[in-house]
Amino acid sequence: MFVKKLVEKASISKKPGGNADGLKARDVDPRLVFHYGIPLGSSKFSYDPIQKILAVSTKDGRIKLFGKGNTQAVLESSETVPSKFLEFIQNQGILLNVNFKNHIEVWDIDKKLSHVHVSEGDITSFTVMQHGPYMYAGDSIGNITVFKLDQELCHMVQMKYTIPFSASHGNLTEVSGDTAVTYILPQLTAESKRILIIFRDGVITLWDIRESRSTFVTGGNMLQSLSHEGKQATSACWVCPFGSKVAIGYSNGEVLIWSIPTSNLKPESTLESSTQTTPIFKLNLGFKSEKIPIASLKWTYADAKASRLYVMGASEAGSTNVLQVILLNEHTESRNIKLGLPLSEACLDMEIISGTTEQNKHKQDFLLLIGKSGQIYIFDDSSIEKYLLQCQSRSPPSLPREVMVKMPFLDSNITISKLVTGNHYMLRGEDEYIKLTKDIPSPFPLETKSKDGSHLNSNHFNGFSEIKNLYITGHSDGAIHFWDLSCPFPIPVLSLKQQSEDDFSLSGIPLTALHFDGNSRILVSGDQSGMVRIFKFKPEPYATENSFISFQGSTKKGNNHIIQSVKVLKANGGSVLSLNINHSSKHLAIGTDQGYVSVVDIEGPNLLYERHVASEICTGITSLQFKTCNLLNFEKNLLVVATKDSSVLAFDSDTGNMLSTSVVRPKKPSKALFMQILDGQDTLVRGSNMSTGVDIGKGSPVEDAIPKQSVLLLCSEKAAYVYSFVQAVQGVKKVFYKKKFQSASCCLASVFHSASDIGLMLVFDSGKVEIRSLPELSLLKETSIRGFRYSTSKLDSSSDSSICSSVEGDLVMVNSDQEFFIASVLLQKESFRLLDSVSQVYRKDLSLSHDDLASGPAVQKEKKKGIFGSVLKGSKTKHVPEVEIEDTKESIEELSTIFSTANFQCEDETGDNLAVDEDEIDLKIDDIEIDDPGEKKPKEQNMLAGLDKKKLASKLQAFTGKLKQMKVVKNEKSIAKEEPQEEKTTAVDQIKKKYGFSSSSETSVAKMAESKLQENLRKLQGISLKTTEMQDTAKSFASMAKELLRTTEDKKTS
């Protein structure tokens, strides 16, 4: 034993390779090139109706974007956490993402750049203005912060304007523990003037932005006492195009409709309106009986009869009650017309998107749902509308059915795949690829296209030689599909479904092995039953007539011009795991799951010999490779075999005799994945398991005077080994290099080559990708492909994921036939075309149509019925509420001034102000005269008014604080000095004064003072705006004067 150890150490000291001219870290750059399809683990939607961009966020911090023209892009957050809120700033190319760490990410989806704002509080609601760069963030303690987007720098700026809980909640004496802001809804048609704030305890507040006060408060504790049960507000949405009605869902399953004022309420009417504590309507949907909280509400406006409310419950199991759709029109009060959509699982989120047909530009809506599993489902919204309108007729339509969103053309699961690259003589032009990518159906109906493949009839397949990157997939139903992956979209070019010369039907048996040789035009497939089929293709180019074979079915006529022959044979020993072809002898080696190795003459096909490899652990043959080498000065043709338990042995490929009864096996064997023989010049051997028919040795350097030793690379799930090849085929274990994988299991190992060097690519089931040198196995670089997870079933060892690579360092990973990950390893190697154009989801030069401009619900003023106006109980008249029409541009400019000013003082500043001497704030309202900026006054008066503005503003602010203190503190004595009254108070006033209440005369005086104060504040705001305008004009004239002076000086010098 001691002598054996010394021999092993001596052999390791003379390791081959290790030269300084090998692959370097600077030569490789493992990266994700493109993501295609629907990401797994989806959790939230967001939709830009103008740009027609759909955003789908995932649980691991990715955001997938789908745009028109089949464009797709993926954004990766620095934090691998799900999204709380996902909002577009419409038509601006800006996406806002709030994650569960309360980080607000600002994404410029055009440049793929982001800015992160870290919030100190727990964000519980987030809303973006549709027509302005402002957004509101509500937190768990009831406060609301206003942010502004700086589009040039693409980051958020926190404004001074705030909405504190004490000012907006309304009933501070009966505050429960649930003070969080659940929803913030800018009022429709007046979003720059008022917002509706919904607290978790059910309080509903209408906040006036300009006056910085609550104008309407309802719901809350009184509602709790009426229902005799505790409940929380969990969801909300407008259900009226005017912002006069809001639907709120609660934790006990109730959905209530509340009436909201659509115009400013005068201060004296605030108390009266706040006493309306009952909703105007209650929807009976069955959620309350099952105690299902309302997770989400969506409303779509169609017309007076077809407006619909989508109600999604937060149930753990899918049922007809999880998602219901109800009509909201003039008949809602008398009867509820609702539809329970049949779902296969519970839902996380929903969104309504619009698609248009290319023929007539007809708009069509679709309902998207994210299931609890992360799968996405789609309903045709027009079929939902049709059912609701006709369900009570004599011939009701059929129930709408969900369709799971999948990648196009994949009717069955991928079980095996191959990627063949390296064709540098491709014939297709870039314009042709642009047309093909636009013709491929998108996973989502943003643009309605044909789904049967008929739109690709112009894609004439002339042969494999015109395809740079060929992707071949074997499927669970026995079909074989060929894809052009020269651009990052998989473009279908050919489908083989025939089983023999005369049988053109699918076998229904999953394929387990593929081998393609482009030089000899041979494709070999093996399936789970042990059947092996050898397809011989005709010489290229193929005939142009009937050149396209549809993915929906192939015919004998369609195959005749491409397939020359199909030969079928049966291999013993279960499913076929590995295939390889000897190019010189035209022999095919077949390895099966039960340890059988068969060698067949392709021309026959004739079975030459069959051998069984016995093993105590696992007998499956995972890799086969033909090799000619010199043993004992005799040239031998060998067939090297690797089994599932990482054993390596060799046969004489001519006779089938084993060279040695001993096998080379690690001490702790694991499932073998890959075997490769590296010759003396560290180049790939032709005829490898991933043969592409390309002579890889063409780029190898001239042999040195001292020949280098050939080695055998074996990679398993747990380790990689480099053996002496000559010793291994003779049953002697001689390890040159070894690397154990500590954390994750390896799911793919592949050797790739650059112009002159080779490297090893390792992909792990966690998504990590390592690049190592050969034969030293030293780590060069590593990265992680977020979202890719490779897992196998313990029962049949099959996986929902498919992974393959090419000899040029390109990698294709497929998750559950839902998403493609396309990656590259080599630096500055462009294997795929049109990457920039297919990733451009945002279009700056978008020409807006009339429908795009009217992205919000259309308001029809002439109609006096509809908009479910009769849902007000006891209301006999149906009318459309008066709506304010605002100039958006002017309103946004006003908001800039308002939000830049602190409307509430901090606590420390408040304490200082309360200690101010009363003489400083002893100011009579009637003595203050402020000029209206709209009135024409002499120039001198305007100048004096501007100079005294700051002084007057400070006094008015102090007086306002005094008035608020008088109204809030009811049970304390007034701190103001009481002057003797000339008139005697009545008995009622004396009783009021005794118990701390203000008399009627005092109340009227306070109201008059407050009214006068509001008028003066309005005038001050006008003066401020006028002053700002004058300052801007002065700056403009100053810049013009400087420019004129500079021009004059330049003329003088010249």
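The rules we used
- Residues numbered from 1 in each chain as written.
- Predicted model: local features only at pLDDT ≥ 70, side-chain atom pairs only at ≥ 80, totals over all residues.
- Heavy atoms only, no water.
- Helix = DSSP H or I, 4+ residues; strand = E, 2+ residues; numbered from the N terminus.
- Buried < 20%, exposed > 50% of the residue type's maximum accessible area, 1.4 Å probe, protein only.
- Contact = heavy atoms within 4.5 Å.
- Areas by Shrake-Rupley, 256 points an atom, 1.4 Å probe, with all protein chains shown as cover.
- Pairing = 2+ DSSP bridges.
- Axes fitted to C-alpha atoms, helices over the stretch in contact; angles between N-to-C directions.
- Salt bridge = Lys/Arg side-chain N within 4 Å of Asp/Glu carboxyl O.
- Core = buried A, V, L, I, M, F, W, Y, C linked by side-chain atoms within 4.5 Å.
- Phe/Tyr/Trp six-rings, centres within 6.5 Å; stacked < 30°, edge-to-face > 60°.
- Patch = residues over 30% accessible without salt bridge, like charges linked within 9 Å, V, L, I, M, F, W, Y side chains within 5 Å.
- Lys, Arg positive; Asp, Glu negative; His and termini not counted.
- Charge placed at Lys NZ, Arg CZ, Asp CG, Glu CD.
- Arc of directions from axis to C-beta.
- pLDDT = per-residue confidence, 0-100.
- Disulfide = S-S within 2.5 Å.

Trainee: It is not clear to me how the overall build of the chain should be interpreted in this structure. Could you clarify?
Mentor: Across its full length, the chain carries 17 helices and 56 strands. Per-residue burial over the chain gives 50% buried out of 1054 residues. Contacts in the chain between residues far apart in sequence, at least 24 positions, make up 59% of those at least 6 positions apart. In the structure as shown, the chain presents an accessible area of about 50,000 Å², 51% of it carried by carbon and sulfur atoms.

Trainee: When you look at the sheet that holds strand β30 (residues 414–420) in this model, what are you seeing that I'm missing?
Mentor: Strands belonging to one sheet form pairs held by backbone hydrogen bonds; the direction of such a pair is parallel or antiparallel. In space, the four strands of this open sheet follow the order β30-β32-β33-β34, with antiparallel pairing throughout. Two strands lie at the open edges of the sheet, namely β30 and β34 (491–496), each paired on one side alone. Going from strand to strand, the sheet's axes swing by 20 degrees on average, the running direction of each strand aside. In this structure, β30 lies alongside strand β32 (residues 470–475), joined through six bridges in antiparallel fashion.

Trainee: Mind showing me how you'd approach the pattern of salt bridges here?
Mentor: Oppositely charged side chains are able to pair whenever their charged atoms sit close together. Within the structure shown, the criterion is met by 19 salt bridges. Between arginine 210 and glutamate 894 there is a salt bridge, with its nearest N and O atoms 2.6 Å apart. Within this pair, whereas arginine 210 is found in the loop between β16 (203–208) and β17 (213–219), its partner glutamate 894 is found in helix α11 (residues 888–899), the two being separated by 684 residues in sequence. The salt bridge involving glutamate 254 is made with lysine 282; its shortest N-O contact spans 3.2 Å. Of this pair, glutamate 254 sits in the loop between β19 (245–250) and β20 (255–259) while lysine 282 sits in strand β21 (residues 281–283), and the two are 28 residues apart along the sequence. Since its relative accessible area comes to 4%, glutamate 254 is described here as buried. Overall, lysine 282 belongs to the partly exposed group, its relative accessible area being 35%.

Trainee: I'm lost on the nonpolar core in this one. Help?
Mentor: Soluble globular proteins tend to bury their nonpolar side chains together. Within the largest apolar cluster, 24 residues are counted, with the highest numbers of intra-cluster contacts made by Tyr36, Tyr471, Leu485, Phe489, Val812, Val814 and Phe820. Listing elements by their share of this core, those giving two or more residues are β1 (28–37), β30, α6 (430–439), β55 (810–815) and β56 (819–826).

Trainee: Even after reading the chapter, I still don't get the packing of aromatic side chains, so can you show me in this structure?
Mentor: Scanning the entire structure with this criterion turns up 19 aromatic pairs. A ring pair is formed by phenylalanine 464 and phenylalanine 482, whose centres lie 5.3 Å apart and whose planes are at 45 degrees; its orientation type is tilted. With a gap of 18 residues between them, phenylalanine 464 in the loop between β31 (447–448) and β32 and phenylalanine 482 in strand β33 (residues 480–484) connect regions that are remote in the sequence. By the burial criterion, phenylalanine 464 is buried, and phenylalanine 482 matches it. Relative to phenylalanine 516, the ring of phenylalanine 464 lies with its centre 5.3 Å away and its plane at 65 degrees, an arrangement referred to as edge-to-face.

Trainee: Teacher, can you tell me more about a positive patch on the surface here?
Mentor: A cluster of basic residues, Lys667, Lys668, Lys733, Lys738 and Lys740, forms a positive patch at the surface. Looking at the secondary structure, you find lysine 668 in the loop between β45 (648–652) and β46 (672–678).

Trainee: Which parts of the structure should I look at to understand α6?
Mentor: In an α-helix, one turn spans 3.6 residues, which is why side chains three or four residues apart end up on the same side. Among the residues of α6, those classed as buried are Tyr433, Leu436 and Thr437. Down the axis of α6, the buried set is contained in an arc of 100 degrees. They therefore lie on one face. Packed against the buried residues of α6 are β33 and β34.

Trainee: What is the right way to read the sheet that holds strand β43 (residues 621–631) from this model?
Mentor: Taken together, three strands build an open sheet; the order of strands is β43-β44-β45 and the sheet is antiparallel. Since the sheet does not close on itself, it has two edges, and those belong to β43 and β45, each with one partner. With direction set aside, neighbouring strand axes in the sheet form an average angle of 30 degrees. Alignment of strand β44 (residues 634–643) against β45, held across five bridges, turns out to be antiparallel.

Trainee: Mind showing me how you'd approach unusual backbone geometry here?
Mentor: Glycine aside, residues mostly have negative phi, and peptide bonds are mostly found in the trans state. Note the cis peptide between glycine 604 and proline 605, where omega equals 0 degrees. Within the fold, proline 605 resides in the loop between β41 (596–601) and β42 (606–612). A cis amide bond, omega 5 degrees, links leucine 774 with the succeeding residue proline 775. By the secondary structure assignment, proline 775 is in the loop between β52 (768–773) and β53 (779–784). Despite not being glycine, leucine 834 has its phi angle at roughly 60 degrees, a positive value. You can see leucine 834 is positioned in the loop between β56 and α9 (835–838).

Trainee: Please clarify how the confidence of the model for the chain should be interpreted in this entry.
Mentor: For residues with low pLDDT, the predicted coordinates do not support detailed interpretation. Residue-level pLDDT values for the chain average 78, and 71% of them are 70 or greater. Note on residues 856–867: pLDDT is under 50 here. Beyond four places in sequence and across chains, it has 22 contacts. With pLDDT under 50 throughout, residues 869–880 is counted as low confidence; its partners more than four residues away or in other chains account for 22 contacts.

Trainee: Could you clarify how one ought to interpret the state of the cysteines in this entry?
Mentor: In a disulfide, the sulfur atoms of two cysteines are held together by a covalent bond. Scanning the model with the defined rule gives zero disulfides in all. Counting only cysteine sulfurs, cysteine 746 is the nearest neighbor of cysteine 715, a cysteine outside any disulfide, at a range of 6.5 Å. Judged by relative accessible area, which is 0%, cysteine 715 ranks as buried.

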